[in-house]
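Chain by chain, the residues run as shown.
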Amino acid sequence: MAKQWLWRLVQTAAGIWLLASLVFVLSHLGPVQGADVLLPTAGDLNTAATPGSFAQREATRRAVQRRLGLDQPVFYVSWQSATDTAGGYWRWHGLPNQYHSWLLRTVHGDWGTSLSSREPVTTQLWQAVVYTFPLVVITLLFTLLLAWQLAEQLAARPWWQPLMQTALTGLQALPLFAIALALLLLLANPEVVAWFPPYGLGQTTPTDVGWGPWLSSYAYHAILPAVSLMLSVLPAVTLQLAGALRNELAQPYTATAYAKGLSQPQVIRRHALRNALLPSLTQLTDLLPTLVAGTLVVEVVFALPGMGRLLVQAATTRDYPLLVGGVLLIGTARLLALLLADALYKWADPRIR
Amino acid sequence: MKHLFPLGLRLALMALGLVAGCTSQPPKELPVRVRWTRDPESLDPLFLANQYAIEAANLLHLSLLQVDFSKNDFSPALAEALPTVTLLGDSLTRLTYQLRKAAAWDNGQPITGHDVALTLKLMYCPGLPNESARAQAGFIRSVQVDSLNPKRFTLTCQGQAVEHMQASGDFFILPEAVLDPQHELRPTSLPELQKRIPTTPPDSALSRLARRYLAAVPMPGGPAAALGCGPYELVSWQKNQALRLRLKSRWWADQLPLRPFVLQARPQRLEFAIIPDDATAALALQHHDIDLYPQVSAAQFAQLRASKAARTQLAFYTAPSYDIVAAGFNTRRPALADGPTRRALSYLFDAAGLLQATQLGQGLRTVGLIHPNDQRNYNRGLKLLPFAPDTTALLLRQAGWQQTTPKGPWQRQSKAGPRQNLALRFRYRADDASFETIALQFRAAAASIGIAVELLPTEASALTPNLQAGDFDVYARLIKGNPFLFNFMPALHSSARGAGNFTGYGTPASDQLIEAIAAARRPVQKAKLLRQFQATLQADAPLVPLFFMATRLAASRQLRGLHISHLKPGYLITTTERKSTSSPTP
């Protein structure tokens with residue numbers, strides 16, 4: 001058993017390395033490079049001595065590349081187009097290349113520094129994760145509790161089941177940005193109802209104002225983002241679990257349970273739920289990478305400095321160390337979530353062991 | 001497990017209770033809060049990544065000369081007066097500065113010419129992000145500090161352009177005492193550093209300088225550094241969230257008996273809130289979470305002005321800006337290489353309609369790259385191009401183009417080459433609806449006379465490399481202008497092809513004219529050349545300037561002293577204060 005898990009961990013580590021390597025190489029092969037983004041905007045008329053000529057701009061570009069180590073080959077080998085013929089050939093560059101340097105640093109725990117701010121990548125990722133993590137954890141906990149209760153009720157086929165199912169299906173069809181914007185414009189709008197603030201989560205710290213006021217401020221500002229996230233996740237989890245529970249309640253073994261004199265909630269919790277959980281486990285572990293990756297739409301709408309915004313910014317500014325670091329972190333979370341799903345499957349269904 | 005739901009309910013109720021506690025917090029004195037759309041990314045005075053970084057740096061640091069919003073010109077800041085200018089031969093300029101007597105660092109040490117010299121040397125120090133700063137101040141060839149009066153120094157500059165005076169004072173001065181306390185760099189002259197081969201490993205003094213500099217530059221969440229001699233100091237920088245500044249308790253300019261406009265600093269605390277979404281920013285303004293919302297989009301501005309509730313709380317401002325929305329043609333394409341074809345296609349842009357559609361009419365149409373409010377230099381003899389697809393068809397025929405069928409494609413036989421087809425690829429920024437509107441309008445107008453246009457919406461950071469590579473036929477973009485400078489070299493000179501001259505335009509005559517404008521010293525002579533240049537540009541039509549944008553700003557009525565400007569960022573925060581009374585002014 002231990003050998004099997006060790007093998008899975010090795011496979012996971014290899015998968016993470018492959019993913020990060022692919023992102024590293026592909027991002028460096030694009031037409032726009034990190035050095036381009038760090039140069040002054042070309043073609044503007046607002047500076048007296050912008051490096052105007054092509055030669056001046058290229059000199060500046062080379063200087064930026066040299067400083068950042070981007071003047072080295074990207075990988076061990078590269079495809080060289082022949083100048084005089086249509087073909088080309090592979091060229092071996094040896095160990096002095098950007099990928100090799102990055103790999104060595106990463107193995108030693110150094111994920112590099114951001115190209116623009118020169119801040120360590122690990123610091124930036126940590127700050128973003130720490131910001132998003134509590135919000136998403138709280139949201140997921142509330143979502144699971146609510147989904148569980150709703151699914152249990154829906155499985156019993158009450159009179160409001162069709163109505164609720166239609167509402168949940170309708171909600172599921174709405175994109176997250178529509179939900180977030182609707183909540184913002186309805187509940188944080190002085191022209192409609194301004195019950196909640198549109199912005200400001202995490203603006204204070206416990207050391208600034210004390211734990212009590214900080215906690216109250218956090219809860220007040222977190223309600224809208226958390227509800228937006230909850231409404232986007234709730235339908236899928238509820239509908240899936242309710243459907244699975246209904247299937248299980250139709251199985252002959254539940255008749256035996258009823259015959260023993262158990263009530264329907266007891267039948268569901270003691271017998272049907274464990275069997276119904278199997279598909280939901282995959283669904284729930286799928287949500288785990290979100291804890292790390294953040295949720296871009298909610299972060300943009302409610303101005304939260306989470307991982308989603310950080311990575312989009314890294315991608316648009318071609319900040320490769322930050323981008324690759326983010327992918328590495330999210331990829332790790334994703335692959336570990338798959339491992340967790342496997343473990344939970346084995347716990348829930350002994351036949352798989 | 002069955003007790004989980006009641007627990008959840010209890011938690012929710014507790015949260016609501018805490019919220020109630022939150023609302024009963026006593027109000028405290030608030031900073032002036034401004035909305036930014038993105039993080040400044042860097043507060044490194046040698047590398048300011050975006051407009052917000054420049055805005056913050058202007059509060060933390062000071063230059064010799066600063067933009068004076070009251071005069072719309074440069075005024076002395078650290079310098080006591082504008083430099084005295086001496087022309088040397090026909091290729092050098094000598095600028096002599098005298099620093100203000102009171103100018104001092106936070107520890108009381110005077111700011112001297114040695115600080116200026118070290119700042120210039122930092123631009124050539126290896127290992128620092130100084131490439132752009134070096135390129136901008138590269139025309140300064142040497143600096144000599146007066147041995148008897150260290151507050152007096154002389155810069156020797158390459159070239160004799162009028163703009164050298166402003167550019168020579170437009171960089172932030174950094175403290176030698178912090179970065180080079182042992183004065184190790186004093187024996188090394190600026191020309192020696194300029195001549196240094198970039199690949200040579202740095203000596204120990206340069207390495208130490210680089211190390212001290214990098215340690216002193218502030219980072220998000222890190223300790224605040226004391227590098228600047230500006231009025232404000234950094235309190236905190238939460239990346240992608242907020243930047244907070246505080247007025248220094250002892251700032252050297254406080255001692256000045258009559259403080260000039262560029263050295264005003266009234267608000268005690270400033271907070272720049274990073275809110276990426278426009279709708280959230282508008283609600284935050286109405287909710288009193290922020291006080292100032294600059295660069296409001298036209299639609300959002302109209303929406304806010306239409307709201308009765310917003311009108312009672314907010315004041316609305318507009319000012320002309322120097323940002324030009326322009327289209328450009330790829331003159332390297334054989335079909336677009338001739339002026340008559342490009343001029344014909346210029347009539348397909350409905351500039352008036354586009355100004356209304358994208359900016360709700362706020363902005364100014366123009367004949368060229370000079371602002372119409374610039375009475376001296378704008379060429380009033382030129383006419384604004386009308387929207388006239390019929391004229392396009394007529395002019396295309398005159399340029400040798402023929403339609404194979406009445407509504408069919410246009411073709412012409414080139415003198416020495418294959419038959420040319422007039423089908424265009426239009427590249428623009430995908431994330432800006434204004435440019436998409438321009439592209440769609442152009443495509444519809446072109447289609448009405450049988451010209452096919454393929455749209456190429458492009459990610460913002462990929463636009464410039466694509467334009468530099470010439471991968472387009474027509475483009476639309478925003479050109480950032482400047483009221484002080486008329487330097488068209490980076491955008492339209494033939495030497496800038498592949499760099500900032502995206503159109504690839506440049507004839508010996510146009511190059512000569514651009515160089516003459518850069519070298520002209522007398523305003524009358526410059527104005528004449530500028531008017532001539534506008535006429536040349538309209539006739540050759542490599543660029544079609546559509547309109548100058550407007551700056552829109554919404555602010556809480558709780559603020560007073562807000563100074564609106566057509567210069568970036570559109571307002572002057574240092575003169576702004578919060579009114580002491582809490583009731584909004586009607």
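Everything quoted here is computed from the prediction, not taken from an experiment. (Residues numbered from 1 in each chain as written. Chains lettered and ligands numbered in written order. Predicted model: local features only at pLDDT ≥ 70, side-chain atom pairs only at ≥ 80, totals over all residues.)

**Concerning the overall build of chain B**
Logical step 1: Counting secondary structure elements, chain B contains 19 helices and 24 strands.
Logical step 2: Computed over C-alpha atoms, the radius of gyration of chain B comes to 27 Å, within 12% of the 25 Å expected from 2.2 N^0.38 for 586 residues, which places it in the range of a compact globule.
Logical step 3: By principal-axis analysis of the C-alpha atoms, chain B measures approximately 80 × 75 × 55 Å.
Logical step 4: Looking at chain B as a whole, 47% of its 586 residues qualify as buried.
Logical step 5: Long-range pairs, those at least 24 residues apart, make up 67% of the contacts in chain B with a sequence separation of at least 6. (Helix = DSSP H or I, 4+ residues; strand = E, 2+ residues; numbered from the N terminus. Rg over C-alpha atoms; globule rule 2.2 N^0.38 Å. Buried ≥ 20, exposed ≤ 12 C-beta atoms within 10 Å, placed from the backbone. Contact = placed C-beta atoms within 7 Å.)

**Overview of the overall build of chain A**
Logical step 1: Within chain A one finds 14 helices and two strands.
Logical step 2: Taken over C-alpha atoms, the radius of gyration comes to 26 Å for chain A, far larger than the 20 Å a tight globule of 353 residues would show.
Logical step 3: Burial analysis of chain A (353 residues in total) assigns 41% to the buried set.
Logical step 4: By sequence separation, contacts in chain A at least 24 residues apart represent 69% of the contacts at least 6 residues apart.

**As for the pairing of strand β7 (residues 152-158) of chain B**
Residues and elements named next belong to chain B.
Logical step 1: Side-chain alternation along β7 places Phe 153, Leu 155 and Cys 157 on a buried face and Arg 152, Thr 154, Thr 156 and Gln 158 on a face that remains uncovered.
Logical step 2: The pairing of strand β5 (residues 92-98) with β7 spans seven bridges and is antiparallel. When the bridges of β7 are listed, Thr 93 appears paired with Cys 157.
Logical step 3: Taking the residues between adjacent antiparallel strands as the criterion, strand β6 (residues 140-145) and β7 are bridged by six residues. (Pairing = 2+ DSSP bridges.)

**Comments concerning unusual backbone geometry**
Residues and elements named next belong to chain B.
Logical step 1: In this chain, Lys 568 is followed by Pro 569 through a cis amide linkage whose omega measures 5°.
Logical step 2: Relative to the helices and strands, Pro 569 is located in the loop between β22 (563-564) and β23 (571-572).
Logical step 3: Even without a glycine there, the phi angle at His 288 is positive, about 65°.
Logical step 4: Counting through the fold element by element, His 288 comes out in the loop between α9 (278-286) and β11 (292-294).
Logical step 5: Phi is positive for Gln 295, which is not a glycine, with a value near 50°.
Logical step 6: Inspection of the secondary structure puts Gln 295 in the loop between β11 and α10 (298-306).

**Things to note about the environment of A:Thr169**
Residue and element names in this part refer to chain A.
Logical step 1: Tracing the chain through its elements places Thr 169 in helix α6 (residues 161-173).
Logical step 2: Since 11 C-beta atoms lie within 10 Å of it, Thr 169 is described here as exposed.
Logical step 3: Taking the C-alpha atoms as reference points, Thr 169 and Ala 236, 67 residues apart in sequence, are found 8.3 Å from one another.

**So, the pairing of strand β18 (residues 452-458) of chain B**
Residue and element names in this part refer to chain B.
Logical step 1: One ladder, built from seven bridges, connects strand β17 (residues 423-429) with β18; its direction is parallel. Within the sheet, the bridge partner assigned to Arg 425 lies in β18 and is Glu 454.
Logical step 2: Handedness of the β17-helix α15 (residues 433-448)-β18 crossover: right-handed. (Right-handed = clockwise from strand over helix to strand, strands pointing away.)

**Thoughts on the packing of helix α18 (residues 508-519) of chain B against helix α19 (residues 523-540) of chain B**
Residues and elements named next belong to chain B.
Logical step 1: At a closest axis distance of 9 Å, the pairing of α18 and α19 adopts a crossing angle of 150°. One element, α18, and the other, α19, form an angle in the roughly antiparallel class. Between α18 and α19 lies a crossing of left-handed hand. Of the residues in α19, those in contact with Ser 510, Leu 513, Ala 516 and Ile 517 of α18 are Lys 526, Leu 529, Leu 530, Gln 532, Phe 533 and Thr 536.
Logical step 2: Residues that form the contact of α18 with α19 fall into these classes: six nonpolar, three polar and one charged. (Axes fitted to C-alpha atoms, helices over the stretch in contact; angles between N-to-C directions. Parallel < 35°, antiparallel > 145°, perpendicular 65-115°, else oblique. Left-handed = near helix turned anticlockwise from the far one by under 90°. Nonpolar A, V, L, I, M, F, W, Y, C, P; charged D, E, K, R; others polar.)

**Observations concerning the sheet that holds strand β16 (residues 419-421) of chain B**
By way of backbone hydrogen bonds, the strands of a sheet pair with one another, either parallel or antiparallel.
Residues and elements named next belong to chain B.
Logical step 1: Pairing is antiparallel in the open sheet, where three strands are placed in the order β14-β15-β16. Looking at which strands have only one partner, the edges of the open sheet turn out to be β14 (402-403) and β16.
Logical step 2: Relative to strand β15 (residues 410-413), β14 is paired through two bridges, and the arrangement is antiparallel. Note that in β15 the partner of Gln 402 across the bridge is Gln 411.

**Notes on the sheet that holds β5(B)**
All names here are of chain B.
Logical step 1: Overall, antiparallel pairing links the four strands, which are arranged β4-β5-β7-β6 in an open sheet. Strands with a single pairing partner mark the edges of an open sheet, and in this sheet they are β4 (84-88) and β6. Averaged over all pairs of adjacent strands, the angle between strand axes in this sheet comes to 20°, irrespective of strand direction.
Logical step 2: Its contacts with the sheet put helix α3 (residues 113-122) on β6 and β7, and the angle it makes with β6 is roughly 155°.

**Quick notes on the interface of chain A and chain B**
Logical step 1: Taken together, the 66 residues of chain A in the interface contact 71 residues of chain B.
Logical step 2: When contributions to the side of chain A that touches chain B are tallied by element, the ones reaching two or more residues are α2 (34-37), α3 (54-68), α5 (121-155), α7 (176-187), α9 (211-249), α12 (296-301) and α13 (307-316) of chain A.
Logical step 3: Among the elements that take part in the side of chain A that touches chain B, α3(A) stands out by supplying eight residues, more than any other.

**Quick notes on helix α2 (residues 51-60) of chain B**
All names here are of chain B.
Logical step 1: Counting buried residues along α2, eight of its 10 residues qualify, which places the element largely inside the surrounding structure.
Logical step 2: Within the sequence span of α2, burial applies to Tyr 52, Ala 53, Glu 55, Ala 56, Ala 57, Asn 58, Leu 59 and Leu 60.
Logical step 3: On its buried face, α2 is in contact with β1 (32-36), β8 (232-238), β9 (242-247) and β10 (269-274).

**Brief notes about the nonpolar core**
Logical step 1: A:Leu245, B:Leu78, B:Ile173, B:Tyr293 and B:Ala554 are the most contacted members of the largest nonpolar core, which has 167 residues in total.
Logical step 2: Examining the composition of this core, we find that 18 residues originate from one element, α9(A), more than from any other.
Logical step 3: Dropping the residues within four chain positions of it, B:Ile173 is found in contact with B:Leu62, B:Ser63, B:Leu64, B:Leu78, B:Ile111, B:Asp115, B:Val116, B:Thr119 and B:Cys229.
Logical step 4: By size, the runner-up hydrophobic cluster in this structure holds 73 residues, among which are B:Leu345, B:Leu348, B:Leu492 and B:Ala550. (Core = buried A, V, L, I, M, F, W, Y, C linked by C-beta atoms within 7 Å.)

**With respect to the packing of α5(A) against helix α14 (residues 320-348) of chain A**
Residues and elements named next belong to chain A.
Logical step 1: Two elements in contact, α5 and α14, have axes whose closest approach is 10 Å; the angle formed by their N-to-C orientations is 55°. Classed by the angle they form, the pair α5 and α14 counts as oblique. Considering the relative orientation of α5 and α14, their crossing is right-handed. Listed contacts from α14 to Val 121, Gln 124 and Leu 125 of α5 are Pro 321, Leu 322, Gly 325, Gly 326 and Leu 329.

**Considerations on α9(A)**
Logical step 1: Under the 1.5 Å per step criterion, the end-to-end length of α9(A) is only 47 Å for 39 residues, more than 12% shorter than the ideal 57 Å.
Logical step 2: The largest bend along α9(A) measures about 45° and falls at A:Ala222, with the proline A:Pro225 one to four residues further on. (Expected span 1.5 Å × (residues − 1). Bend = angle between axes of the 7 residues up to and from the residue.)

**With respect to the environment of A:Leu141**
All names here are of chain A.
Logical step 1: Residue position: Leu 141 is located in helix α5.
Logical step 2: Classification of Leu 141 by C-beta neighbours within 10 Å gives partly exposed; the count is 14.
Logical step 3: Taking C-alpha positions, Leu 141 is 9.4 Å from Met 230, a pair spaced 89 residues apart along the chain.

**Observations concerning the confidence of the model for chain B**
Residues and elements named next belong to chain B.
Logical step 1: Summarising the model, chain B shows a mean pLDDT of 89, and 94% of its residues fall at 70 or more.
Logical step 2: Across residues 1-7 the pLDDT falls below 50, and counting only partners more than four positions away or on other chains, this stretch makes four contacts in the model.
Logical step 3: Note on residues 20-27: pLDDT is under 50 here. Beyond four places in sequence and across chains, it has seven contacts.
Logical step 4: Note on the complex model: pTM 0.88, ipTM 0.85. (pLDDT = per-residue confidence, 0-100.)

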